[in-house]
Amino acid sequence: MLVSAKDMLVKAKAGKYAVGQFNINNLEWTKAALITAQECNSPIILGVSEGAGKYMTGFKTVAAMVKAMIEELKITVPVALHLDHGTYDGCYKCIEAGFSSIMFDGSHYPIDENVAKTKELVEVCAEKGMSLEAEVGSIGGEEDGVIGKGECADPAECKQIADLGVTMLAAGIGNIHGKYPENWEGLSFETLDAIQKLTGDMPLVLHGGTGIPEDMIKKAISLGVAKINVNTECQLSFAAATRKYIEEGKDLSGKGFDPRKLLNPGFEAIKATIKEKMELFGSVGKA
Ligand code: 13P
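A.B. asks: Give a description of the packing of aromatic side chains that names residues and reports values.
C.D. replies: In total, this model carries six aromatic pairs according to the counting rule given. An angle of 45 degrees between the planes, with centres 4.8 Å apart, marks the rings of Trp29 and Phe238 as tilted. Taken together, the residues Trp29 in helix H2 (residues 27-39) and Phe238 in helix H10 (residues 232-247) connect sequence positions 209 residues apart. Take Phe238: its relative accessible area is 15%, and that puts it in the buried class. The rings of Tyr88, Tyr92, Phe104 and Tyr109 are connected pair by pair, giving a single aromatic cluster. One Lys or Arg, Lys31, reaches over the ring of Phe267 and ends 5.3 Å from the middle of that ring. The cationic tip of Lys286 hangs over the ring face of Tyr17; the distance from NZ or CZ to the ring centre is 4.5 Å.

Right under this line is the structure:
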């Protein structure tokens, strides 16, 4: 069932668990995410970066594929199709393409411009029944060409954006996209605590979910995080399983070169990673 992310995140925040956003890249990724969500009876958010959207030939293709797959696979758990780190133009393209949720990443604009553009999108999304994620304070590292410095968000600015009526708020708290460096200082729980105190019931979003230790994930959820984004970890598990298949020479035996066979270990690996995250985030059985 394709839905806005609003209800699932309000429930998650109240129930002290988090819904996973898993980024998709192609048919295998999408199928793995949907089947795992159904098997775990968990809500799920499918994240699509602008780069991944382009790779899949455009947002309309993605929306059509996801909607058809939900129907063909008889997926009954709530599924949100969400633009990840959207530009202003990208947001409008996804609204038109039939996404159920968007993120407008205005964190690189001066706060007044971030506020003005977010405010406009709040109204458009309300009209369409879509959910909207906003961002304050950039997430460190690089994702699909979007590079962030990784500074912690200013809690007062978070309140300013939250008060506009966004559905969920991503706030930089020392999190980084991709693998964490050895000398990473960890999440800033003081910042998170201050943000949650000022923003109340607002579901908070933790980007850069790959490689954050379990205890930090649990603490972040206890301090109001209700959505956690995971991208790189699925890519790493897909790549490792595919590498193993080829290194074992399985593509050279019988019909092992058939793409449905060749991509299957990676597909199963993505499923296992998503299941593990859903268990950690506490969303299993919460559909
Ligand atoms: P990771 O790639 O670090 O898991 O981050 C994903 C993310 O935050 C998507 O916006």
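A.B. asks: I'd like to hear about the packing of H2 against helix H12 (residues 264-281), residue by residue, with values.
C.D. replies: Two elements in contact, H2 and H12, have axes separated by 9 Å at closest approach and are oriented at 40 degrees. One element, H2, and the other, H12, form an angle in the oblique class. For H2 against H12, the interelement crossing comes out right-handed. In contact with Glu28, Trp29, Lys31, Ala32, Ala33, Ile35, Thr36, Ala37 and Glu39 of H2, H12 contributes Phe267, Ile270, Lys271, Ile274, Lys275 and Met278. Partitioning the contact of H2 with H12 into residue classes produces nine nonpolar, one polar and five charged.

A.B. asks: Please provide a residue-by-residue account of the site of the ligand, values included.
C.D. replies: The ligand sits among 15 residues. The nearest are Asp84, Gly178, Gly208, Thr210 and Thr232. Within the side chain of Thr232, a nitrogen or oxygen atom sits 2.5 Å from an oxygen atom of the ligand. In isolation the ligand has 300 Å² of accessible area, and contact with the protein removes 99% of it. When residues of the shell around the ligand are traced back to their parent elements, those giving at least two are strand S3 (79-86) and strand S10 (225-230). Its residues assigned to classes, the shell around the ligand comprises two nonpolar, eleven polar and two charged.

A.B. asks: Lay out the nonpolar core with the relevant residues and their values.
C.D. replies: Generally speaking, soluble globular proteins have nonpolar side chains that are buried together. If you look at the biggest cluster of nonpolar residues, it comprises 79 residues, and the most contacted ones within it are Leu46, Val48, Phe99, Ile102 and Leu206. Of all the elements, helix H4 (residues 59-72) adds the most residues to this core, at seven residues. Of all hydrophobic cores here, the second largest spans 13 residues; its members include Ala12, Tyr17, Ala80 and Met103.

A.B. asks: I'd like a rundown of H2, residues and numbers included.
C.D. replies: Helical geometry: 3.6 residues make up each α-helical turn, so side chains three or four residues apart lie on a common side. Spanning 13 residues, H2 covers 18 Å between terminal C-alpha atoms, matching the ideal 18 Å at 1.5 Å per step. Residues Trp29, Thr30, Ala32, Ala33, Leu34, Ile35, Thr36 and Ala37 constitute the buried set of H2. Elements in contact with the buried residues of H2: strand S1 (19-23), strand S2 (44-49), H4, S3, H10 and H12. The N-cap residue of H2 is Asn26: its side-chain oxygen and the backbone nitrogen of Glu28 are 3.2 Å apart.

A.B. asks: Tell me about the sheet that holds strand S8 (residues 168-171), residues and numbers included.
C.D. replies: Backbone-to-backbone hydrogen bonds join strands into a sheet, with any given pair of strands oriented parallel or antiparallel. Here eight strands make up a closed barrel; going around it, the order is S1-S2-S3-S4-S5-S8-S9-S10 and the pairing parallel. Averaged over all neighbouring strand pairs, the angle between strand axes comes to 25 degrees, with direction disregarded. The sheet contact formed by S1 and S2 spans three bridges and is parallel. Pairing of Asn23 across the sheet is with Gly47, part of S2. In this fold helix H1 (residues 6-15) packs onto S1, S2, S3, strand S5 (131-136), S8, strand S9 (204-206) and S10, with an angle of close to 120 degrees to the strand it touches most, S10. Together, S9 and S10 form the strand contacts of helix H9 (residues 214-222), whose direction differs from that of S10 by roughly 140 degrees.

Cut-offs and rules
- Residue numbers restart at each chain and count upward from 1, following the sequence in its written direction.
- Residues qualify for local features only when their pLDDT is at least 70, as the model is predicted, and side-chain atom pairs are given and counted only at 80 or more; totals for whole chains, interfaces and linings, by contrast, use all residues.
- Think of the side-chain values as coming from all heavy atoms in the structure, minus any hydrogens and water.
- Only rings of Phe, Tyr and Trp enter the pairing, Trp through its six-membered ring, and a pair is recorded when the two centres are within 6.5 Å. The plane angle decides the type: under 30 degrees is stacked, over 60 is edge-to-face, the rest tilted.
- Helical segments are the DSSP runs of H or I of at least four residues, strand segments are the runs of E of at least two, and each set is numbered from the N terminus.
- Buried residues are those whose accessible area, probed at 1.4 Å on protein chains only, stays under 20% of the maximum for their type, while exposed residues exceed 50% and partly exposed ones sit between those limits.
- To sit over a ring, a charge needs its Lys NZ or Arg CZ within 6 Å of the ring centre and within 35 degrees of the ring normal.
- Axis lines are fitted to C-alpha atoms, over the contacting stretch for helices. Their N-to-C directions set the angle, which ranges from 0 to 180 degrees.
- We call two directions roughly parallel when the angle between them is under 35 degrees, roughly antiparallel when it is over 145, roughly perpendicular when it lies between 65 and 115, and oblique otherwise.
- What makes a crossing left-handed is the near helix being turned counterclockwise from the far one by less than a right angle; a clockwise turn instead makes it right-handed.
- By the convention used here, residues are in contact when the closest approach between their heavy atoms is within 4.5 Å.
- Side-chain classes are defined by residue name, with Ala, Val, Leu, Ile, Met, Phe, Trp, Tyr, Cys and Pro counting as nonpolar, Asp, Glu, Lys and Arg as charged, and the others, Gly among them, as polar.
- The nearness test applies per residue and asks whether one of its heavy atoms lies within 4 Å of the molecule or strand.
- Identification of polar contacts relies on pairs of N or O atoms within 3.5 Å, with a donor-acceptor requirement for protein atoms, meaning one able to donate a hydrogen and the other able to accept it, and with residues adjacent in sequence counted only if both atoms are side-chain atoms.
- Reported accessibility uses the Shrake-Rupley method at a 1.4 Å probe radius. Residues are deemed covered only where the shown protein chains occlude them.
- Buried Ala, Val, Leu, Ile, Met, Phe, Trp, Tyr and Cys residues that are joined via side-chain atoms within 4.5 Å together make up what is termed a nonpolar core.
- Any helix carries an expected span of 1.5 Å times its number of residues minus one.
- When DSSP finds at least two bridges between two strands, those strands are taken to pair.

By themselves these figures say nothing about function.
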